[in-house]
Amino acid sequence: MKTEIIPLHEDGSKEEEAIIARGAEFIREGKLVVFPTETVYGLGGNALDAEAAKKIYAAKGRPSDNPLIIHIADIGDAEHYCETSDLFYRLACAFWPGPLTMIMKKKPCIPDSVTGGMDTVAVRLPSNPTANTLIRLAGVPIAAPSANLSGHPSPTTKEHVIFDLDGRVDMILAGNPADIGLESTVIKLEDDRVILLRPGGVTYEDLCTLLGKDHVTVDRIVLEKVTGDFKPISPGMKYRHYAPKAPVILLNGTEEAILAAMKEKQKTEPGAAFLIYDEDKPDFEGCTAVTIGPRNDPAMQAHRLFACLRAFDDMENVTVIYARIPGREGIGLAVYNRLAKAAGFTVQDV
Ligand code: AMP
Ligand code: MG
């Protein structure tokens, strides 16, 4: 398939709106359009069209039991696609537009192929203006998983998208790097409480502040490896994700012990590569290392994590990647969750 790759400055100009309008037309015709959002790039198709959903799964190589998030342009649109509630409106008013996906009972207009056969649907209202314009002009909700090949880290830049999907989609709106850099927070709404299934830019603490701690549960899939016959609430969470080619190992210990262990590995393990803070650079001269950002800036670490994981794949002779276990406060929980998944939850105490 020939992919139209269209550069965008995302400057809000009339010229760019005309380009986005063509993307919207593609969506209505059942074609696939990649577009930027504030979380990561999305691979979009008409969420009311069962065939478009099938094309999305094929383009990504995604297992078809892993449901898609549908993206809308106005809070009021949610009524058409799912059973809303007072809880939904409280959350939507607090966090939309933004990086929060809510899972609710679906209405019949959403095809089973979009939800992997589940009777619920995941809905999000993105804040990125390009995404918002595309959805509004399409006039239909847009089903959009992350625009990477299944198993690769989610794409946070147009280069990642082109690398993974050139030739597999109809159009790529090649805009700016994603602001947040990690996928949306995913919660399931149940009566008066929510279950956190995937941490992201709307944090556990944000949810607790709005709803009260007793009304927010963190699903075990966020924090630990699940194996055997455990049936996750969210099918996608069981798949190995975000993985660079070399295995990732998380180091757990005091700051001094981790740095000492990393220095030892520099000497004894020739294939070792390291994910480090900007401040660590002097200790890693001449080593295979990628910097994720300043030690005390978890938002920057979130922003850069997936690009870092991809960078290791471009380096020669990397046989193992060592990284610190991130702190779990605020957006740190999302960084921890993605890195832990990349590592298959493999932790070495030092
Ligand atoms: P992605 O599309 O790559 O951002 O991933 C979306 C995530 O949301 C996947 O892990 C899905 O399994 C999850 N998800 C989407 N819809 C549902 C649903 N109806 N119930 C449970 N999890 C869902
Ligand atoms: Mg994904």
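Higher on the page you've got the structure.
Summary of the structure given here. (Residues numbered from 1 in each chain as written. Chains lettered and ligands numbered in written order. Predicted model: local features only at pLDDT ≥ 70, side-chain atom pairs only at ≥ 80, totals over all residues. Heavy atoms only, no water.)

### A word on the packing of helix 10 (residues 298–313) against helix 11 (residues 332–342)
Worth spelling out the cut-off: To get an axis, a line is fitted to the C-alpha atoms, and for a helix only the part in contact is used. The angle between two axes follows their N-to-C directions and goes from 0 to 180 degrees. Put simply, DSSP H or I for four residues or longer makes a helix, DSSP E for two residues or longer makes a strand, and each gets a number counted from the N terminus. Working definition: roughly parallel below 35 degrees, roughly antiparallel above 145 degrees, roughly perpendicular at 65 to 115 degrees, and oblique for all remaining angles. Crossings are sorted by hand: turned counterclockwise from the far helix by less than a right angle, the near helix makes the crossing left-handed, and turned clockwise it makes it right-handed. Any two residues having at least one pair of non-hydrogen atoms within 4.5 Å are treated as being in contact.
It is the contact of helix 10 with helix 11, at a shortest axis distance of 9 Å, that shows an interaxial angle of 20°. By the angle between their axes, helix 10 is roughly parallel relative to helix 11. Both helix 10 and helix 11 take part in a crossing whose hand is left-handed. Contacts between helix 10 and helix 11 pair Pro298, Gln301, Ala302, Leu305, Phe306 and Leu309 from the former with Gly332, Val335, Arg338, Leu339 and Ala342 from the latter.

### Some thoughts on the packing of aromatic side chains
We count it as follows: Ring pairs shown here join Phe, Tyr and Trp side chains whose ring centres sit within 6.5 Å, with only the six-membered ring taken for Trp; geometry is labelled stacked below 30 degrees between planes, edge-to-face above 60, and tilted in between. Only protein chains enter the accessibility calculation, which uses a 1.4 Å probe. A residue is then buried if its area is under 20% of the maximum for its type, exposed if over 50%, and partly exposed in between. The criterion is that NZ of a Lys, or CZ of an Arg, lies within 6 Å of the ring centre and within 35 degrees of the ring normal, and then a charge sits over that ring.
The full count for this structure, using the stated rule, is four aromatic pairs. Here the aromatic rings of phenylalanine 88 and tyrosine 89 are separated by 4.9 Å at their centres, their planes lie at 75°, and the arrangement is edge-to-face. The buried category is assigned to phenylalanine 88, whose relative accessible area is 0%. For tyrosine 89, a relative accessible area of 27% translates into the label partly exposed. A centroid spacing of 6.1 Å and a plane angle of 25° characterise the contact between phenylalanine 274 and tyrosine 322, whose relative ring orientation is stacked. With a gap of 48 residues between them, phenylalanine 274 in strand 13 (residues 272–276) and tyrosine 322 in strand 15 (residues 320–324) connect regions that are remote in the sequence. Each member of the pair, phenylalanine 274 as well as tyrosine 322, is classed as buried. If you follow lysine 31 out to its NZ or CZ, it ends over the ring of phenylalanine 26, 4.3 Å from the centre. Sitting above the plane of the tyrosine 336 ring, arginine 328 keeps its charged end 4.1 Å from the centroid.

### A look at the pattern of salt bridges
Keep this limit in mind: We count a salt bridge whenever a side-chain nitrogen from Lys or Arg sits within 4 Å of a carboxyl oxygen from Asp or Glu.
With the rule as written, the count across this model stands at 19 salt bridges. Linking glutamate 190 and arginine 193 is a salt bridge whose minimum nitrogen-to-oxygen distance equals 3.4 Å. The salt bridge partner of glutamate 255 is arginine 295, with a shortest N-O separation of 3.2 Å. One end of the pair, glutamate 255, is in helix 9 (residues 255–268); the other, arginine 295, is in the loop between strand 14 (289–291) and helix 10, with 40 residues separating them in the sequence. Residue class for arginine 295 comes out partly exposed when judged on its relative accessible area of 29%. One continuous salt-bridge network, built from bridges that share partners, spans Glu255, Asp280, Arg295 and Arg324.

### Overview of helix 11
Within helix 11, 11 of the 11 residues are buried, which leaves it mostly tucked inside the rest of the structure. Of the positions making up helix 11, those classed as buried are Gly332, Leu333, Ala334, Val335, Tyr336, Asn337, Arg338, Leu339, Ala340, Lys341 and Ala342. A positive backbone phi angle near 55° is found at glycine 344, which sits one or two residues after helix 11.

### Considering the state of the cysteines
Two cysteines form a disulfide when their sulfur atoms are joined by a covalent bond. In plain terms, the rule: Throughout, disulfides are identified as pairs of cysteine sulfur atoms within 2.5 Å of each other.
A full pass over the atoms with the stated rule returns zero disulfides. Sulfur of cysteine 109: no disulfide; nearest cysteine sulfur belongs to cysteine 82 and is 9.2 Å away. Its relative accessible area of 37% is what places cysteine 109 among the partly exposed residues.

### Quick word on the site of ligand 1
Our working rule: In this text, near means that some heavy atom of the residue lies within 4 Å of the molecule or strand in question. Polar contact is defined as a pair of N or O atoms within 3.5 Å, subject to the rule that within protein one atom must be able to donate a hydrogen and the other to accept it, and that residues adjacent in sequence are counted only when both atoms are side-chain atoms. Residue-level accessible areas treat just the shown protein chains as cover; the underlying method is Shrake-Rupley with a 1.4 Å probe.
What surrounds ligand 1 is a group of 18 residues, the closest being Asn66, Thr120, Pro145, Ser234 and Gly236. Arginine 198 is positioned with one of its side-chain polar atoms (N or O) 3.2 Å from an oxygen atom of ligand 1. Starting from 500 Å² of accessible surface for ligand 1 in isolation, the protein chains cover 96%. Considering every element that reaches the shell around ligand 1, the biggest residue donor is strand 6 (residues 120–124), with three residues.

### Structural notes on helix 1 (residues 14–28)
Stated precisely, the cut-off is as follows: The span one expects for a helix is its residue count, reduced by one, times 1.5 Å. Arc definition: it is the arc formed by the directions from the helix axis to the C-beta atoms.
In a regular helix each residue adds 1.5 Å, so 15 residues correspond to 21 Å; helix 1 covers 21 Å between its end C-alpha atoms and thus fits that length. Every buried residue of helix 1 is listed here: Glu16, Ile20, Gly23, Ala24, Phe26 and Ile27. Along helix 1, the residues classed as buried sweep out an arc of 155° about the axis, all on the same side. Opposite the buried face of helix 1, by more than 90 degrees, sit the exposed residues Lys14 and Glu15. Looking at the packing, one finds that the buried side of helix 1 touches strand 1 (4–7), strand 2 (33–35), strand 3 (42–46), helix 5 (129–138), strand 7 (142–143) and strand 8 (171–174). Positive backbone phi, approximately 85°, marks glycine 30, located one or two places after helix 1.

### Examining the nonpolar core
Quick reminder of the rule: Residues belong to a common nonpolar core when they are buried Ala, Val, Leu, Ile, Met, Phe, Trp, Tyr or Cys residues joined through side-chain atoms within 4.5 Å.
Counting residues in hydrophobic clusters, the biggest one holds 76 residues, and the most contacted among them are Leu91 and Met102. Here this core gets seven residues from one element, more than from any other, and that element is helix 11. Beyond its immediate sequence surroundings of up to four residues, leucine 91 is in contact with Trp96, Leu100, Met102, Ile187, Leu189, Val194, Leu207, Leu210 and Leu211.

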